[in-house]
Structure formats: C-alpha cells, structure tokens
Amino acid sequence: MATRKARKVKYSTTPNAPATKLRKFINSFRPENFKEYWLSEAGAKRIAKIVGFGVLMILLVFLYFAKDLPSPSKINAKINAQTTKLWDRTHTKILYEVLGDKNRSIISFDQMPTNIKEATIAVEDRNFYKHGAFSFLGILRAAVVDVTLGSRAQGGSTITQQYVKNALLSPERSFTRKIKELILSTEIEAFYSKNDILKLYLNEIPYGGTAYGVEAACRTYFGYHAKTNEELCAPNLTLDEAATLAAMARAPTYYSPYGQHIDELTGRKQLVLDLMVDQHYITKQQADEAKKIDTVAKMPKTPQYFANVTAPHFVLYVQEQLEAKYGTKAVTEGGLDVTTTLDLNRQKQIEDSVAKGIPNVKALGGSNVAMVTADPKTGQVTGMVGSYKFQDEKFGAFNVAIANRQPGSSFKPLVYATAFAQNFGPGTTLYDVPTDFGGGYKPQNFGGISFGVLSMRQALGNSLNIPAVKTLYLAGIDKALDQAHRMGITTLQQPAGNYGLSLTLGSGEVKLVDMVNAYQSFANGGVHYSQVYWLKVQDAKGSVLEEYKTPKTQNRVLDPQIAWMISDILSDNPNRARVFGNLLAIPGHTVAVKTGTTEHYNDAWTVGYTPSLVAGVWAGNNDNAPMSSAAAAISAPIWKDFMIKALAGSADEPFAKPTGLKQVTLDANTGKLATDQTKNKRTDWFPSWYKPPAASDGGKTAKVDKVSGKLATSCTPDSATDTVTSSEIHAEIPPSDPAYYRWEPPVQALAASLGQQGGALPTESDDVHHCDDVHPQVNLSASSLGGGNFHLSAVVTSGTFTANKLEFKLDDQIISTLAINGSTTYDFDTSVDSNGTHYFKATVTDAGLYQAEDSQTVTVTDAGSGGSFQGTTPTNGQFYPSHPTNVTFVWTTYTGATTYTVFIKRSGSGGFTPEAPTSSTSLTKTILLAGTYSWYVQSSSGPQTTTKTFSVGP
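Residues numbered from 1 in each chain as written. Predicted model: local features only at pLDDT ≥ 70, side-chain atom pairs only at ≥ 80, totals over all residues. Heavy atoms only, no water.

Caption draft 1: Region of the structure containing the overall build of the protein chain. Across its full length, the protein chain carries 25 helices and 37 strands. Counting across all 954 residues of the protein chain, residues that qualify as buried make up 51%. Residue pairs in contact within the protein chain that sit at least 24 positions apart in sequence constitute 67% of those at least 6 positions apart. Carbon together with sulfur atoms contributes 52% to the accessible area of the protein chain, which is approximately 42800 Å² in total. (Helix = DSSP H or I, 4+ residues; strand = E, 2+ residues; numbered from the N terminus. Buried < 20%, exposed > 50% of the residue type's maximum accessible area, 1.4 Å probe, protein only. Contact = heavy atoms within 4.5 Å. Areas by Shrake-Rupley, 256 points an atom, 1.4 Å probe, with all protein chains shown as cover.)

Caption draft 2: Structural context of the nonpolar core. Core analysis: the biggest nonpolar cluster contains 87 residues, and F314 and Y609 have the highest contact counts within it. Broken down by element, this core gets its largest block of residues, eight residues, from helix 20 (residues 512-523). With 55 residues, the next largest nonpolar core counts F128, Y207, A242 and V272 among its residues. (Core = buried A, V, L, I, M, F, W, Y, C linked by side-chain atoms within 4.5 Å.)

Caption draft 3: The packing of aromatic side chains, seen in detail. Following the criterion strictly, the structure yields 23 aromatic pairs and no others. With centroids separated by 5.5 Å and ring planes inclined at 65°, the aromatic side chains of Y609 and F655 adopt a geometry described as edge-to-face. On the criterion of sequence distance, the pair formed by Y609 in strand 17 (residues 603-610) and F655 in the loop between helix 24 (636-647) and strand 19 (662-667) is long-range, its members being 46 residues apart. F655 matches Y609 in its accessibility class, with the two residues each being buried. Taken together, Y880, F889, Y933, W935 and F950 form an aromatic cluster joined through their ring pairs. For K194, the ring lying beneath its charged end belongs to F128, and the centroid distance is 4.5 Å. (Phe/Tyr/Trp six-rings, centres within 6.5 Å; stacked < 30°, edge-to-face > 60°. Lys NZ or Arg CZ within 6 Å of the ring centre and 35° of its normal.)

Caption draft 4: Summary view of the side chain of K948. Positionally, K948 belongs in strand 37 (residues 948-952). On the accessibility criterion, K948 (2% relative accessible area) is buried. Those residues in contact with K948 that lie beyond four places of it in its chain are S831, D833, G871, T872, P874, T875, N876, Y933, S934 and W935.

Caption draft 5: Structural view of the side chain of H313. Tracing the chain through its elements places H313 in helix 13 (residues 312-326). Residue H313 is classed as buried on the basis of its relative accessible area, which comes to 5%. At 3.4 Å, the side chain of H313 forms a polar contact with the backbone nitrogen of S387. Not counting chain neighbours up to four residues away, the residues in contact with H313 comprise M384, V385, G386, S387, F390, A397, F398 and N399. (Polar contact = N/O pair within 3.5 Å; in protein donor to acceptor, adjacent residues only side chain to side chain.)

Caption draft 6: Region of interest: the pairing of strand 28 (residues 836-846). The buried fraction of strand 28 amounts to eight of the 11 residues, a majority that puts the element mostly inside the structure. Pairing geometry for strand 25 (residues 803-810) and strand 28, over seven bridges, is antiparallel. Opposite L806, over in strand 28, you have V844 as the bridge partner. Where strand 28 meets strand 29 (residues 851-860), 10 bridges bridge the pair, whose relative direction is antiparallel. Each residue of the ladder has a partner; that of Y839, found in strand 29, is T857. Following strand 28, the chain reverses through four residues before pairing antiparallel with strand 29; L849 in that reversal takes a positive phi of roughly 65°. (Pairing = 2+ DSSP bridges.)

Caption draft 7: Inspection of the sheet that holds strand 27 (residues 824-831) at higher detail. On the basis of which strands lie adjacent, the open sheet formed by three strands has the order 23-24-27 and antiparallel pairing. Looking at strand neighbours, the two that pair on one side only are strand 23 (777-786) and strand 27, the edges of this open sheet. The sheet shows a mean angle of 20° between the axes of neighbouring strands, direction not considered. Here strand 24 (residues 789-797) pairs with strand 27 via eight bridges, running antiparallel. Bridge pairing in strand 27 places S793 opposite D827. (Axes fitted to C-alpha atoms, helices over the stretch in contact; angles between N-to-C directions.)

So this is what it looks like as structure tokens:
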C-alpha cells in the first residue's frame, strides 16, 4: 500500500486568513512556523508591541510604588526607626528596649580605614564596584553557597540594597517592599557614586546594641583606639578588628561577642579574611596573622548598654529568636511590642537563690551558676539566669543556660523512662556489683560503693551508676536517644552507634533549657510542650502578628503510667535516703528531683519539679575546670532554696496517678514472681503491660565452682565452692550475649553458664581446677618498731594460678586488703593498741581462688607508751557513717620535730597526698567522698608513723 505523504501547511500572514488572531498567535509558536513568523515584519511588530507593553507596565509599577517613597537625594527624609519593647508576662514592666537611643557618629569616606571597606565588600558584595543596583549573579551565587555550605556565607543583596533596607524602608517583609527596595536601589545608584553609597552604608548599618555605623561600633568594642571624645576611633581599626566587625554586620545579635555564638563569630571572621585573600585585598600571611589574634578578648567583658536591663540573659535569648523569625531590622527598628513569658516574681526568686548560693559554689571550686524555670502545663519559660552576674568581668553575658554541657546523672530518668516503656518497672531487680561492660569500661558508683541486689526504684532514686548503665543496655541506646529527642533534647544528634553506654551517666552534651523542657514531660503526665518565650507579638501599628494559644492536640511523648512512675521514684525521699539522706526533701510538698555530677566534678546539675513548676540549676566553671564536690553539695542547695521560696504558701500538689498501674510482688533476688516459699519479696508499681517472669522451682541446690560457673568436683577447693539454689539465679543477661555481664561472686560464677537457662542449675563439672594444681604460698614476718608499732613483710609465691589478693589480719580482724600481681615481697606497717599476746595473719588468694596463709604471734608490752612516733586517731577500722564529714587526725610528738605532714590516700584513687605541714599534733580535714582511706604522719626530722585505715560511709 502506498503511504500517504504528509502535506506541509504554510503559515499564512494574509490578513484575510481564516484563523482567528488567537489561533494565529498560538500557531506562531509551532516549530514549523516559529522562525518564519517571528523573523518576519509582522513578528517584529508583535515583539515591539510586547516589549512596549512590558516597559509600560514596569513604568506604571515603578510610578505607583515610587510616588510614596523617600527621595534618595534627601537621605534625611527616611522613615524613623521605632523601638521594640520586651515586656514581662503581665505587660506592665518593660524588660528591655531593643533599640533605645541610636549611637551613631557620621564620618567621611576618607576617615574610614581601607580594611573595613575591603572586609565589608569581600563578605557582602564582592562585585560592588562592577554591577548596578542589584546583581542576578549575586543572588544565584548566594543560593548556591547556602545550599553547599548550609549557612549564609554571602547574601544575595547588594550593598546598595542592604543600605536601602536599613536606612530608607520599614522592616516589613512583603513582595511590595521588595519592589520598593529595587526601585530605590536603582535611584540611589543614579544619584550617588559607589564610594558615597559605601560611605552611607558603613555609617548606617547596626553592629549590635545601640552601635550604628562603623565609628560607633569601633567606640563600643575597641574604644581604646580613641583616647578622647574628639579623637576618631575607626581609622585605627586593625585588620582582625575590621574583619570581626564585617562578620558581625550580617546578624549583630547572633554574632554578638556577648552571646552564645562566639565560636561562630570567630569562624565568620576567618571566612572574611579568607575572602579578602581570594579577592587580593590582603596576603595569606596577613590573614594568618590576623586569625591568630583573639579579637573578642580585646573587647569589653560586658556590654554597657545592658547595665539596667531586667533578666538580661533571658531578653537577649528572646531577641535572638525574634530576629531569627522576623528579621534583624524588624526587631531592632520595627517597633514590635512583645509580651514575654517572664514572671518577675519568679525571676526575683531565682536571682536571690543564685546570689545566696554562689559563695558555697565558689568555696567548692566552682565560679558560676545558671538557672531556668518553666511552667510544665504550657511550656512557658518563666525565669532565667544564664550566669550568676551579668556584669561580671570574668563571664560577661555568657548564657550557660543555653550552652552545651554534660548533664551527669540528671540524664538517667530519660533512660529509665525508656526502659519502663518495655517490660521493666520500678520493682525490676538489678545487681549493683562491679561490672566490666566490655572494652575495659568498668563504671563505679559515687564513693566506689556497690549495694548488691536492688530494684530500679532504689537504683534511680540513689543515682547508682552501674545499674543505670545496665538499664541503658537493656533499653537500647537508639530508643533512649529517640525518647530524649521527643522530650525536647535538641542535641545528641549523632547516630546511636556513636554513643556508648556512658550516655546514661550524662556523657553527651545537652542544654539546661532543654533538660528543663524534658522534665516538663514528667511533670505534665507525659504531655510535652515546646518551650515558649513570648505570649504576644504586635507590630508598630498594634496588629497582632502572633499570640500564644494552648495547642489543640496534645503531644504525648510518654505514657502517663511511665511519667507517674518516674515522678514517684524521684519524689520518694525515704527511698533515696541511703545516699542523699533528707537533703532533697521540701517539707510539706511532693517534689520530684534528680541531681547530676559529671565524672571529674566539672558540672553539677539539679533538676526538679511539681505538676506546676520545673526548675533546673547548673553550677560549675565556664572553662570546664573541676570542682571539689558533687551536685548534692553544690547545685542542690540553690535549687532547694528556690523551691522553698517558690512553693511557700501553696498547697501540696501530688502527682496524679493514672489508671492501669498495678502492684506486683516479686522475688527480690531473682526478679521473678514470688511464691509462698520466697523469703525476700518486693512489691512495687508496674505499668499495665508488664509481664513478670514466671517463678522458678526455688528448691534445687548445688555446689558450684565460682570460677568456672560449673558444678564443683572433689578437686575444687572449698574457697572456690559456693552452694546455690535455682531461686537465686537471675537471668538478667540477654540470651544473645550470655557473657556480657561479668559479676562478682557468687553471681559471677553463674553468669555465663546460667544466662541462657532461665534459672536452671548447671550440669557440667568444673574443668578449671585439677587435683595436681600447685597452691600459692606466703611467709609472714613481723618486726616490732616499739610502742605497739609493727612492720609486716609477706613473701608471696604463686602456684598454678597467679596470686592476686593479699589480706593482713590482726586477731582475725582484716586490717588491709591488697590487690597484688604474682610472686614478690609485700610490706605493711600497722600498730597494736593494747598490751598482751596478739597474732598477725597473711592470707594469699590466686586467680583460681586457691588460698594459703601464715601467721606470727607477737607480745606487746608498750602499746601507746610513746616509745615511738605514732598516729592515734582515727584508729584502724574506725567508721564515719556519712559524707561529707570532718575527720580529725591526731598523732604523738617526735623529739626534735618542728612540723608534721599528714599523708592521706583514698582506696583506688592513686598514691598518698600530703596536706600542708603543721606545727600542731592534730589536723582536721573535710572528707568529701565515701570510701576507705589510709593515713600516716611524717615528722620534719624524717621518721613517720605506721599506716592506719578508716572508712567513710555513703
């Protein structure tokens, strides 16, 4: 079949063509017609009409908007800036006027240093002298930079546009204002030279506070360049100073040297210098030298324009957030009227408590305090102190409340809340015993004391570290991070794999404002509100831009049962008495509270709440220097003083108990359901979804080798044998990782073999010990030093296993326990307090739990006679029930000695530490930490007393 040839239709330009004008216009864009028509005379006429119409429309738009614009030839006719006011929550007290009186000194272009001109052009408008009023390439480049770097390294507006926005237009954000900006920019470029525009710009732009223009900025931040009022400051700006001012100009509040973003300011200063090198204004060597200078350190420590501001840390933070939302010009000159959430009474209570507590903080090695309060029912922040004294020369206006700091144990409630969402509850059994979590990570409780079998309620209430680490392992790091983020923690944004189990002890950095926000979820029954800092924002005309309203839908981040269980634990004062005593209780009020201390006493936190109030305190040093005590002695007194004032006159407000909670009775040792035969029972609250492990048979017994975890044999030494019942076995180890926990005996022996058996007894026999094993040996000698003092020497020889522990006893009382490492001689000095016959014994234990001992009998006739130099108090084995405590060390005189030095060592903390020499025979020292201590005294003549030991309780 013959194909039909397509017929080409020639586009007709004849006026009498049948197609309509619209159809002709549409057809003109078809590929086969486009070139023929638009290059024809008719097409050219149509193009001219379109262009003419476009120009006419642009002209009409220009004339419409230009009629009400200020004349660029009369700069002084610009719109006057209006003060933005920040009020307290009742709108009766002005906290801060953002603008106040402008501080501006007009200087000529020649008086402006070259470095500030070049630095400003480099970072704001590199082609300023090449393009016109606006730059399409600049806008495109800024967009690319923003996407690539994720920050506003360069703006899309030209310097001319920025001047127009700052000097001639109101701060409104709208399409019509952008048109006005372009019109005025074009007119400015027509009226003024580029140098004149740059001069106008540098005399106009804000640099923070009341400093407008480069001369005022120089006097505000680098006033030492102008020794008199008549002398100009700006011409003397150094390169690093000019780069810093140019860096600040983009966002003066954000990049303020008195705010939270000093590192960002320094980074932007480096960027300015790099851009100046790229654009050939300076050499790389000049830039490197300027980068080395700490420019912020040269500035005044605190801004004088904040001398009379109420709650300065709060209002600065509010201003920063307002500028991020509405723009800098709208806040600094737009005449906004802002009703903040600040409660003046609450703020006064905070400031009073901080002022009262700072001497104690300083006495314990700290130097600063921050505090935040909020209403958990709304999320509104009602008070803030970012540093204990805003005008303090050392800290300036640094706001620690919004800085990243490690929270210590105050993070633990978030972890336990994560676990409670799974099959755990306050009554779940945990073993608080020394544990190796792998990789050498062996956390210790405060004071180095472990409490054995206990519940999650006891572990959290007493802030015990080892159970908290186990709880995070059981709950899951990823789930704990997710829970923290949903409760308001904005940091900790790395993948879960980047955090270790120490996260539960507060190793990740958070903000105090975020921790207060997270605790609001506990106080509010699991409902979370984002933090709120203002109630209403109005523009200069009184129109409401936004107004706080309670969200219509609740953001529930915790089941109410979980929130209540956490609050119940943190308000259970009798439960936490073993560590905290009555320290955290508020008489007559139900208050939940948690302290947090970082590992080396760098940070001390206390965060507590009622259903209507949350308060958080941080104390420490801005430079992260360690202190000498824990949060219970540093931040807790400030928090308690505040809460007593804040709750005075109000009725007790218990936490409302939700439905679904149930009480379950468990075997305290195993964590399984209790039976009639269970001797040690525990009853506590659990969530409705909790399913307790079934009870074990509880009756079967076996002799188990503590080393292998298997059944003992005739070759297993008695010292390595333990008799257990199946009811004592608690399979806490996850089935996928049976050897994860390495517990102390007797649980250590059962961990690996029983972790997957759900409480069953072992069936395999001990294969570690053999009947031909060589036992260790020890030979003890005792030498009298007179006055009841003796020098003991133990010669230890290892057998099949390495000797690893040596005990010295006096009359069957342990006087020293040493961790040893194999065969050698070990010495120990001690004293006997009474005359008569006594005996010393040395017992050596090896890794196979084989033991050997030797003893020496001695006769004492001169005990306490002063026949030799000796310490008398504290005596060997003396116990002080709590810490901190004052211990008075007493010793006898030594002939010829003029001074004495007391040496003290806490077990596990390294060597002996000398105190300051004294001419007295006694010394009183405050012991801050629980533990076992050794001490002796050395005379200035050389001899020293024998070592004695004492202990301090929790």
